Amino acid sequence: MPPLDGDLWSILWLSLRVSGVAVLISSLIGIPCGVWLGLSQRRGRHLLSAVIQTGMALPPVVVGLVLYILLSRSGPLAFLGWLFTPKAMIVAQTVLALPFVIGITMSSVAAVPSELPLQIRTLGASAWQCRWAVLREARHGVLLAVAAAFGRSISEVGAVLIVGGNIQGHTRVLTTAIVLETGKGDFAFALALGAVLLLLALAVNLLIARLQRGRWPA
Amino acid sequence: MKETEMKWSSLAAVLLVFVGCQDHEESETLVLATTTSTRDSGLLGVLVPMFEKETGIDVKVVAVGSGQALELGRRGDADVLLTHAPEAEKQFVTDGDSEQRRAVMHNDFVLVGPRNDPAEIKGESSVVEAFRRIARSNAPFVSRGDESGTHMKEKKLWQEAGVEPQGNGYVLAGAGMAEALRMASEKQAYTLSDRSTFLALRDRLDLIILEEGDPVLCNPYSVMVVSPKKHFRVNQKAARRFANFLLSAKVQSIIGEFGIELFGQPLFFPDAHPGNMD
């Protein structure tokens, strides 16, 4: 039986879609949080950043297991009907990527010289204009945060395997396909899938690098 | 300025396409939790598309160890189960998680190992005695270690042999059948496998069958529809259709012929006849 043939495209597309949406959601939540925390002078922010950075060490299988229990038909979120769907996989990868977005955004915003916001404020900018200016200044770090989030999402296998179920044609992505083919002993095919995954990551990172270089609207 | 705006709006457009492309699950779906052997042997690759075409129901196959498959059923996360763990299945019915367990097919377990057979089990007619010899010789043995049907069978055989598997040679892999076979091949160890997975993978393995044919090695597969009494979200109607499909005369004969072309012998033997139940 040929293992995948035409399915390869659907696997590739699903990987890109699940991880892409996860990165999008975690960026929409994480970048504002990171900017706010990076500019914050409150006490306790060091403790908070330690907690967020601990989130980078979240084991994917644990995230997968907890989400499985929540989304299970016997679980509290059963009404969503998300178990074994790409939606559950997006949630899992969002949880995994979020600490990367917040943590790296926070430290790159904190690294912007503190005179900048002061100067801008004295020039009469509003608080929001000030935040945007800092974000522009920190854009290399912020886009690094997005790249790290994508890397975490696309390469993760433990969580999507549990909440997605590695179902052919529904929830099989590159990493879970690699696990399956390795298990079956088809190393050549598994390696080829790994190469596809890396090429995909390269393409996405080239796009991110372009944004890092490009001009941002004022 | 214009150029930047265009770049940003095209980026936004790409992202919108992404979000817009969420899956629409308009067709009826059925979650089948099954053991890895039915998938890895290729049998489900034949039967599932047939069922989908016939009924229009989308089948989601979650292939895990029988222990995990039963747990998925117990939690109501699967609608129908195709497993091979008789004791655990009976418990499942006793607990009210399914109304009945129906025999679909069987094949057999084989004890495979390295060609040089360090424990000298070849020719031994009793598999229990073969297990004793392996334990005595302290030869390496890879156990699935994952509460799958095969693992449960293996534990039962050790129990009947009256030995506690232990020592350096005994490896609890915590892996599916295909992985366990590969590990056994690498370590030149013995392992218990269902015949279908072994045959499907034997070209890539440096292992041979050393024990087969002992009646205790019979490996029956049953289908169980998860009871909607416990889980109202279970799609019982579609699950019943799938169970009846497996037990229909047409599919039973396909099961009986599956593998003859590829391996020169059938991988499964159909077991369903009218009124067949526990």
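Conventions used here
Residues numbered from 1 in each chain as written. Chains lettered and ligands numbered in written order. Predicted model: local features only at pLDDT ≥ 70, side-chain atom pairs only at ≥ 80, totals over all residues. Helix = DSSP H or I, 4+ residues; strand = E, 2+ residues; numbered from the N terminus. Contact = placed C-beta atoms within 7 Å. Nonpolar A, V, L, I, M, F, W, Y, C, P; charged D, E, K, R; others polar. Domains from an automatic or database assignment. Buried ≥ 20, exposed ≤ 12 C-beta atoms within 10 Å, placed from the backbone. Pairing = 2+ DSSP bridges. pLDDT = per-residue confidence, 0-100. Core = buried A, V, L, I, M, F, W, Y, C linked by C-beta atoms within 7 Å.

Visitor: What is the right way to look at the overall build of chain A in this model?
Guide: Counting its secondary structure elements, chain A contains 10 helices and zero strands. Going residue by residue from the N terminus, the α and β elements of chain A occur as α-α-α-α-α-α-α-α-α-α. The principal-axis extent of the C-alpha atoms belonging to chain A is close to 70 × 40 × 25 Å. By sequence separation, contacts in chain A at least 24 residues apart represent 78% of the contacts at least 6 residues apart.

Visitor: Would you explain the interface of chain A and chain B in this entry?
Guide: Where interface size is quoted, it is often the accessible area lost as the parts come together. With 23 residues of chain A at the contact, the number on the chain B side is 27 residues. Mapped onto the side of chain A that touches chain B, the elements with two or more residues apiece are α1 (7–39) and α9 (174–184) of chain A. Sort the elements by how many residues they give to the side of chain A that touches chain B and α1(A) lands first, with four residues. Split by residue class, the side of chain A that touches chain B holds nine nonpolar, 10 polar and four charged.

Visitor: Sorry, what's going on with the domain arrangement of chain B here?
Guide: All names here are of chain B. According to the domain assignment, chain B contains domain 1 (29–106 + 220–270) and domain 2 (108–217). If you average the C-alpha positions of domain 1 and of domain 2, the two centres end up 25 Å apart. Contact with domain 1, which involves 17 residues of that partner, is made by 14 residues of domain 2. For the side of domain 1 that touches domain 2, the secondary structure elements donating two or more residues are α2 (36–40), α4 (66–74) and α5 (86–94). If one sorts the elements of the side of domain 1 that touches domain 2 by residue count, α2 sits on top with three residues. Within the side of domain 1 that touches domain 2, the residues separate by chemical class into five nonpolar, 10 polar and two charged.

Visitor: I tried to follow the pairing of strand β3 (residues 80–83) of chain B on my own but got confused; where do I start?
Guide: The two faces of the sheet receive side chains in turn, since in a regular strand these alternate between them. Residues and elements named next belong to chain B. Here β3 shows two buried faces, one formed by Val80 and Leu82 and the other by Leu81 and Thr83. Pairing analysis gives three bridges linking strand β1 (residues 29–34) to β3, with the strands arranged parallel. Among the inter-strand pairings, Leu32 is bridged to a residue of β3, identified as Val80.

Visitor: Just to check I follow, could you spell out the confidence of the model for chain B for this structure?
Guide: The predicted structure's coordinates, where accompanied by low pLDDT, should not be read in detail. All names here are of chain B. Looking at chain B as a whole, its pLDDT mean stands at 88, while 90% of the residues score no less than 70. Confidence, read as mean pLDDT per element, is least for helix α1 (residues 2–20) in chain B (66) and greatest for β3 (96). Reported confidence for the predicted complex is 0.76 by ipTM and 0.83 by pTM.

Visitor: For this particular structure, what's the right way to read the nonpolar core?
Guide: As a rule of thumb, nonpolar side chains are buried together in soluble globular proteins. Counting 129 residues, the largest nonpolar core has A:Val163, B:Leu32, B:Val62 and B:Val80 as the members making the most contacts within it. It is helix α4 (residues 86–110) of chain A that contributes the most residues to this core, 14 residues altogether. Taken domain by domain, this core gets at least three of its residues from each of domain 1 (29–106 + 220–270) and domain 2 (108–217) of chain B. Those residues in contact with B:Val80, other than ones at most four positions away along the chain, are B:Leu30, B:Leu32, B:Val223, B:Val225, B:Val226, B:Ala239, B:Phe242 and B:Ala243.

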